Amino acid sequence: MLLMVLGLGLARPAAAADEPDLIFRRSTVFKLMSPNDKLATYGVDDPEVEGVACHFTVPEKGGFKGWLGLAEEVSDISLACRQIGPIRFKNKLGQGDDMFSKRRSLFFKKMQIVRGCDAKRNVLVYMVYSDRLIEGSPKNSTSSVPIMPWGPTDAAIQKCGEFIQ
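Just so you know, these numbers come straight off a predicted model, no measurement behind them.

Caption draft 1: Here's a closer look at the overall build of the protein. On a plain count of helices and strands, the protein comes out with two helices and eight strands. Scanning the protein from its N terminus toward the C terminus, one meets helices and strands in the order α-β-β-β-α-β-β-β-β-β. Within the span of the protein, comprising 165 residues, buried residues form 36% of the whole. The contacts of the protein with a sequence gap of at least 6 include a subset with a gap of at least 24, amounting to 52%. When the accessible surface of the protein is split by element, carbon and sulfur atoms take 59% of a total near 9900 Å².

Right, dumping it as structure tokens:
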């Protein structure tokens, strides 16, 4: 029964964006008999805002607990989001909506990238943080994406404030 519950919990799809693309990993702590601790950098496209991508770097625990997926990952996550093409909003958005979410431990910890709009400056603001069932972490990282024209043919700049519910 416990294995079935665990399987259902792990098979849950991401809350917002699809799985991120692994860009690269680097070992940070050597472990002789088990996998090393690593830093991994991933890329993810904003599923609701065409033309924006974010990259984040997360620590990944090695050792036998990390290899088995039982280690609780630390909350140190860095974030950088950029405009990668013409920005087009697909739907209305809420301030602080999840853009991406991923489990960071078997049961209790989750990493989230949320999105908001600074309407005064016409800037999308992304924040990454992790939370736990009982107690979250104040560690976070923020990145801003000013909405700018993309090339000479992109004259119609959308205003993020018009797409916030």
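We are not done yet, so read on.
Caption draft 2: Molecular detail of the packing of aromatic side chains. Going through the model one piece at a time under the given rule, you end up with three aromatic pairs. Ring centres of Tyr42 and Phe56 lie 5.5 Å apart, and the angle between their planes is 25°; this geometry places the pair in the stacked category. Of this pair, Tyr42 sits in strand β2 (residues 37-45) while Phe56 sits in strand β3 (residues 49-60); the two residues are 14 residues apart in sequence, bridging distant segments of the chain. As far as the burial class goes, Tyr42 and Phe56 line up, both buried. On the basis of an interplanar angle of 15° and a centroid distance of 4.6 Å, the ring pair of Phe89 and Phe163 is categorised as stacked. Of this pair, Phe89 sits in strand β4 (residues 78-89) while Phe163 sits in the segment after β8 (140-146), and the two are 74 residues apart along the sequence.

Caption draft 3: Local environment of the pattern of salt bridges. Within the structure shown, the criterion is met by five salt bridges. Close ionic contact of Lys102 with Glu19 constitutes a salt bridge, the shortest N to O distance being 3.5 Å. Of this pair, Lys102 sits in strand β5 (residues 97-103) while Glu19 sits in the loop between α1 (2-10) and β1 (21-29), and the two are 83 residues apart along the sequence. A salt bridge links Asp76 to Lys139; its shortest N-O distance comes to 3.0 Å. With Asp76 in the loop between α2 (63-68) and β4 and Lys139 in the loop between β7 (123-132) and β8, this residue pair connects regions lying 63 residues apart in the sequence. Residue Lys139 is classed as partly exposed on the basis of its relative accessible area of 43%.

Caption draft 4: Highlighting the environment of Phe163. According to the relative accessible area criterion, Phe163 is buried, its value standing at 18%. Along the primary structure Phe163 and Asn91 are separated by 72 residues, whereas in three dimensions their C-alpha atoms are 7.0 Å apart.

Caption draft 5: Focus on the environment of Asp118. Tracing the backbone through its elements, the reader meets Asp118 in strand β6 (residues 109-118). Using a relative accessible area of 22% as the deciding quantity, one classes Asp118 as partly exposed. Taking the C-alpha atoms as reference points, Asp118 and Ser144, separated by 26 residues in sequence, lie 9.3 Å from one another. Discounting chain neighbours no more than four positions away, the residues touching Asp118 are Val123, Val125 and Cys160. Within the structure, the side chain of Asp118 is placed 2.9 Å from the side chain of Arg121, a separation counted as a polar contact.

Cut-off values and rules
- Residues numbered from 1 in each chain as written.
- Predicted model: local features only at pLDDT ≥ 70, side-chain atom pairs only at ≥ 80, totals over all residues.
- Heavy atoms only, no water.
- Helix = DSSP H or I, 4+ residues; strand = E, 2+ residues; numbered from the N terminus.
- Buried < 20%, exposed > 50% of the residue type's maximum accessible area, 1.4 Å probe, protein only.
- Contact = heavy atoms within 4.5 Å.
- Areas by Shrake-Rupley, 256 points an atom, 1.4 Å probe, with all protein chains shown as cover.
- Phe/Tyr/Trp six-rings, centres within 6.5 Å; stacked < 30°, edge-to-face > 60°.
- Salt bridge = Lys/Arg side-chain N within 4 Å of Asp/Glu carboxyl O.
- Polar contact = N/O pair within 3.5 Å; in protein donor to acceptor, adjacent residues only side chain to side chain.

Treat this as a map of the structure, not an account of what it does.
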